[in-house]
Amino acid sequence: MNMLIRGLLAAEKFVRGTKAVPEQVNTALFLEYRLPLCCLVHLTPVFEAVKRFRPEIAVAVATAGLGLQVLRHNPFVDHLIDAPDPTLELRRAVSRLREELNRRNIRPDCVLTGASDQRTKIALLGLLGSSGWRGGFTVNPALYHRPLEYDAGLSLIRNNLRLAELIGCSADSKPPRVFFSKADAEAAIAMLQAANPEGRHVLAMVTQTSGGQSIGWHTERLVEVIRNAAVERGFGVVYLGTAGEAAAIEELRQAAGGLGTSIAGKTTVNQLAAVLALSDFSVALDTGPMHVARAAATPMVVLAPSWQKPLEWLPLAVDNVRILRGEDRIGVPPGYRLDEISAGAVIAALDELVQVYPPSETAREARLQAGMSEVDHLETG
């Protein structure tokens, strides 16, 4: 592989003579193929930073699957390209990317990859499928003209924002954003009306995780929080999650005496963002939908594991977020279930949010309007 890469780079230098000149970038192509929801959401601030600082730059993103949903309505992206994951199908991904760039008459001046996309095959997609110099995060710096090294002293979002600096843009911190259409908003309104016909204030519960990390919580503690919210406070409790999590969510709902309504598996990512914008509060484990709730600016209590560095992923210093976690530890103890977090601590944090951010139609409408977009890249692309 190394001999092949050296040969490709030598041929590129002879044919293209590529130089990294940030001031001359008119079109930037981002490759985004690590598709956990959290990774996708944490790259969105870069697109806004670029467009706000240098609006003349055309932002193109090549991605697949869930990445297309997250960016479908993003107004800070000019071109959304559906191309296969190069880590699975490099040859097909190269062919598809070339085809789409030619069809749209796009000639990128640079190709950039975020902190979550450090894969050699993703870098090779940039080399073989596109024009322009390459920059960003990579495990193979020889393939890049301007490689970046991940800074563990910065959050994932702040690391990603360094991509904007590579093309001469200010890297002021921006919150993540997940946009949705008017149709998504209408679908969210209908789902919440069906789930909460009494019109109560809505508490969105994110109680399940992908299963890849030990960040679940004790069922009896979740039940205590749910009962307090529904019975003591009169909230309409709505459970969010994927279709694969629906059975576990129903078990939890039954354990809570049938309180609340599950819409797990009934939303797209964009509809999920709209549902969260229309929710008054959320209690969420540190998992994908939590990052969507952050993007929707929903007042939220986050239950986070003590073994994971908070700086990298968590919404620190966000006014309407309360983060609960134990003291830092190394490693995951056997059977760990966020043991340091009590139900009482979650109830108290939620009480504080209710006092500081009282539910209101005005606040819900403001969040809804902030996330709504008329852009639909999958309809016009």
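Remember, it's a predicted structure, so these values are computed and weren't measured experimentally.

Visitor: Lay out the overall build of the chain with the relevant residues and their values.
Guide: Counting its secondary structure elements, the chain contains 16 helices and 12 strands. For 381 residues, the compact-globule estimate of 2.2 N^0.38 gives 21 Å, and the C-alpha radius of gyration of the chain, at 22 Å, lies within 12% of that figure. Reported as C-alpha extents along the three principal axes, the dimensions of the chain are approximately 70 × 45 × 35 Å. Sequence separation of 24 or more characterises 67% of the internal contacts of the chain that already satisfy a separation of 6 or more. Counting every atom, the chain has about 16300 Å² of accessible surface; 51% of that belongs to carbon and sulfur.

Visitor: Explain the sheet that holds strand S10 (residues 281-285) to me, and be specific about the residues and the numbers.
Guide: Here 6 strands make up an open sheet; going across it, the order is S9-S8-S7-S10-S11-S12 and the pairing parallel. Two strands in the sheet have a free side with no partner beyond their single neighbour: strand S9 (261-262) and strand S12 (321-324). Bridge analysis of S10 against strand S11 (residues 300-303) gives 4 bridges, and the strand direction is parallel. Bridged to Leu285 within S11 is Leu303. Strand contacts of helix H9 (residues 219-232): strand S7 (202-206) and strand S8 (236-240), with the helix running at about 140° to S8, the strand carrying the most contacts.

Visitor: Lay out unusual backbone geometry with the relevant residues and their values.
Guide: Phi is positive for Asn105, which is not a glycine, with a value near 60°. Residue position: Asn105 is located in the loop between helix H5 (90-103) and strand S4 (110-113). Phi at Ala317 takes a positive value of approximately 55°, unusual for a residue other than glycine. Relative to the helices and strands, Ala317 resides in the loop between helix H13 (310-313) and S12. Assessed through its relative accessible area of 79%, Ala317 is described here as exposed.

Visitor: Residues and numbers for helix H15 (residues 361-371), please.
Guide: Those residues of H15 that fall on the buried side of the exposure criterion are Arg364, Arg367, Leu368 and Gly371. In a view along the axis of H15, the buried residues occupy a sector of 100°, so they form one face of it. Looking at the buried residues of H15, the elements they touch are helix H8 (182-195) and helix H11 (269-278).

Visitor: Describe the side chain of Ser282, listing the residues and the values that go with them.
Guide: Residue placement: Ser282 occurs in strand S10. What makes Ser282 buried here is its relative accessible area of 0%. Apart from residues lying up to four places away in sequence, Ser282 is in contact with Leu203, Ala204, Val206, Leu276, Thr298, Pro299, Met300 and Val301.

Visitor: Hey, could you go over H9 for me, with residue numbers and the actual values?
Guide: Over its 14 residues, H9 runs 19 Å from end to end, which matches the ideal 20 Å to within 8%, given 1.5 Å per residue. Where H9 is concerned, the buried positions are Leu222, Val223, Val225, Ile226, Asn228, Ala229 and Ala230. On its buried face, H9 is in contact with S7, S8, helix H10 (246-255) and helix H14 (343-356). Looking one or two places after H9, you find Gly234, whose phi comes out positive at around 75°.

Visitor: Tell me what's going on with the environment of Ala248, and back it up with residues and numbers.
Guide: Of note, Ala248 is situated in helix H10. When the C-alpha positions of Ala248 and Arg34 are compared, they lie 26 Å apart, and in sequence the two are 214 residues distant.

Visitor: Before we move on, could you go through the sheet that holds strand S6 (residues 146-148) and cite the residues and values that matter?
Guide: What the 6 strands build is an open sheet, ordered S3-S2-S1-S4-S5-S6; its pairing is parallel. This sheet does not close on itself; its edge strands, each paired only once, are strand S3 (79-82) and S6. Taking each pair of neighbouring strands and ignoring which way they run, the sheet shows an average axis angle of 20°. Sheet topology places S4 next to strand S5 (residues 133-137); 4 bridges connect them, and they run parallel. Directly across from Cys110, in S5, lies its bridge partner Trp133. In this fold H5 packs onto strand S1 (27-31), strand S2 (58-63) and S3, with an angle of close to 145° to the strand it touches most, S3. Packed on one face of the sheet, helix H7 (residues 156-166) meets S1, S4, S5 and S6 and runs near 155° to S5.

Visitor: So what about the side chain of Glu48? Which residues, and what values?
Guide: Tracing the chain through its elements places Glu48 in helix H3 (residues 44-53). A relative accessible area of 5% places Glu48 in the buried class. Of the polar contacts made by the side chain of Glu48, one reaches the side chain of Arg52; its length is 2.7 Å. With residues near it in sequence (within four places) discarded, Glu48 still touches Phe76, Lys174, Pro175 and Arg177.

Rules used in this analysis
Residues numbered from 1 in each chain as written. Predicted model: local features only at pLDDT ≥ 70, side-chain atom pairs only at ≥ 80, totals over all residues. Heavy atoms only, no water. Helix = DSSP H or I, 4+ residues; strand = E, 2+ residues; numbered from the N terminus. Rg over C-alpha atoms; globule rule 2.2 N^0.38 Å. Contact = heavy atoms within 4.5 Å. Areas by Shrake-Rupley, 256 points an atom, 1.4 Å probe, with all protein chains shown as cover. Pairing = 2+ DSSP bridges. Axes fitted to C-alpha atoms, helices over the stretch in contact; angles between N-to-C directions. Buried < 20%, exposed > 50% of the residue type's maximum accessible area, 1.4 Å probe, protein only. Arc of directions from axis to C-beta. Expected span 1.5 Å × (residues − 1). Polar contact = N/O pair within 3.5 Å; in protein donor to acceptor, adjacent residues only side chain to side chain.

So, to be careful, I would describe these as geometric facts and stop short of saying anything about function.
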